[in-house]
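If you want the building blocks of each chain, they are given just below.
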Amino acid sequence: PFCSPPFAWASASVEGMSAKAKVSFKITLASEKGQPFKVITVPEEAPFLACLKFAAEEFKVAAATSAVITNEGVGINPNQTAGQVFLKHGADLKLIPRDRVGCA
């Protein structure tokens, strides 16, 4: 009985924090010589495809013909949440317009 108020308060705050959790990505435009970047912060549960589209618009490249890769060159499937991408690949990503995808 004496300990129930702190436990009730702790569980409420943890639930409130998880509902508002956000992730940040540093997305670099790999096709430009100066390698400009944008930092975007989105909710964990946001579709990563929306992040891809937003970043492409910010860089003024076509989202439909762009790909996102890691610094190691691993392609990222955009059909997952931002939180999943962040956990699997980290925050440092590159955006490549399709005219550059696969170029040597």
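Counting restarts for each chain, with residues numbered from 1 along the sequence as it is written. Whole-chain, interface and lining totals are the exception, using all residues; otherwise, since this is a predicted model, local features are given only for residues with pLDDT of at least 70 and side-chain atom pairs are given and counted only at 80 or more. Working from all heavy atoms in the structure, the side-chain values ignore hydrogens and water.

Explain the sheet that holds strand β3 (residues 66-70) here, please?
Here, strands pair whenever DSSP counts at least two bridges between them. Helix numbering and strand numbering both begin at the N terminus, where a helix is a DSSP run of H or I of at least 4 residues and a strand a DSSP run of E of at least 2. Within the open sheet, the four strands sit side by side as β2-β1-β4-β3. Their pairing is mixed. Taken across any chain shown, the strands that pair with only one partner, and hence form the sheet edges, are β2 (37-43) and β3. Averaged over neighbouring strand pairs, the angle between their axes works out to 35° when direction is ignored. Pairing of strand β1 (residues 22-29) with strand β4 (residues 92-97), which is carried by four bridges, proceeds in the parallel orientation. Its bridge partner lying in β4, Thr28 is registered against Lys94. Against the sheet, helix α2 (residues 48-59) makes contact with β1, β2, β3 and β4, and its axis sits at roughly 150° relative to β2, the strand it touches most. Throughout, a contact is declared for two residues whenever any of their heavy atoms are within 4.5 Å. Only the stretch in contact is used when fitting a helix axis, every axis being a line fitted to C-alpha atoms; angles between N-to-C directions are given from 0 to 180 degrees. Each of β1, β2, β3 and β4 is contacted by helix α3 (residues 82-89), which is oriented at about 70° to β1, the strand it contacts most.

Which parts of the structure should I look at to understand unusual backbone geometry?
The phi angle of most residues is negative, glycine excepted, and most peptide bonds adopt the trans form. A positive phi angle, close to 50°, is found at Gln35, a residue other than glycine. Assignment of secondary structure puts Gln35 in the loop between β1 and β2. Phi at Lys60 takes a positive value of approximately 60°, unusual for a residue other than glycine. For Lys60, the location among the structural elements is in the loop between α2 and β3.

I would appreciate a short explanation of α2 in the present structure.
The α-helix winds at 3.6 residues per turn, so residues separated by three or four positions along the chain end up facing the same way. Taking 1.5 Å per residue as the helical rise, α2 with its twelve residues ought to reach 16 Å, and the 17 Å between its terminal C-alpha atoms agrees with that figure. Here's how the labels work: a residue is buried when its accessible area is under 20% of the maximum for its type, exposed when over 50%, partly exposed in between, all with a 1.4 Å probe on protein chains only. Every buried residue belonging to α2 is among Phe48, Cys51, Leu52, Ala55, Ala56 and Phe59, and all of these are buried. All buried residues of α2 fall inside an arc of 130° around its axis, so they share one side. Residues of α2 that are buried make contact with β1, β2, β3, α3 and β4. Count one or two residues on from α2 and you reach Lys60, which has phi positive near 60°. By definition here, a helix of n residues has an expected span of 1.5 Å times n minus one. Note that the arc is defined by the directions from the helix axis to the C-beta atoms.

Where do I start with α3 in this structure?
Listed in full, the buried residues belonging to α3 are Ala82, Gly83 and Val85. Angularly, the buried residues of α3 cover 165° about the axis, an arc narrow enough to put them on a single face. Exposed residues pointing more than 90 degrees away from the buried face of α3 are listed as Leu87 and Lys88.

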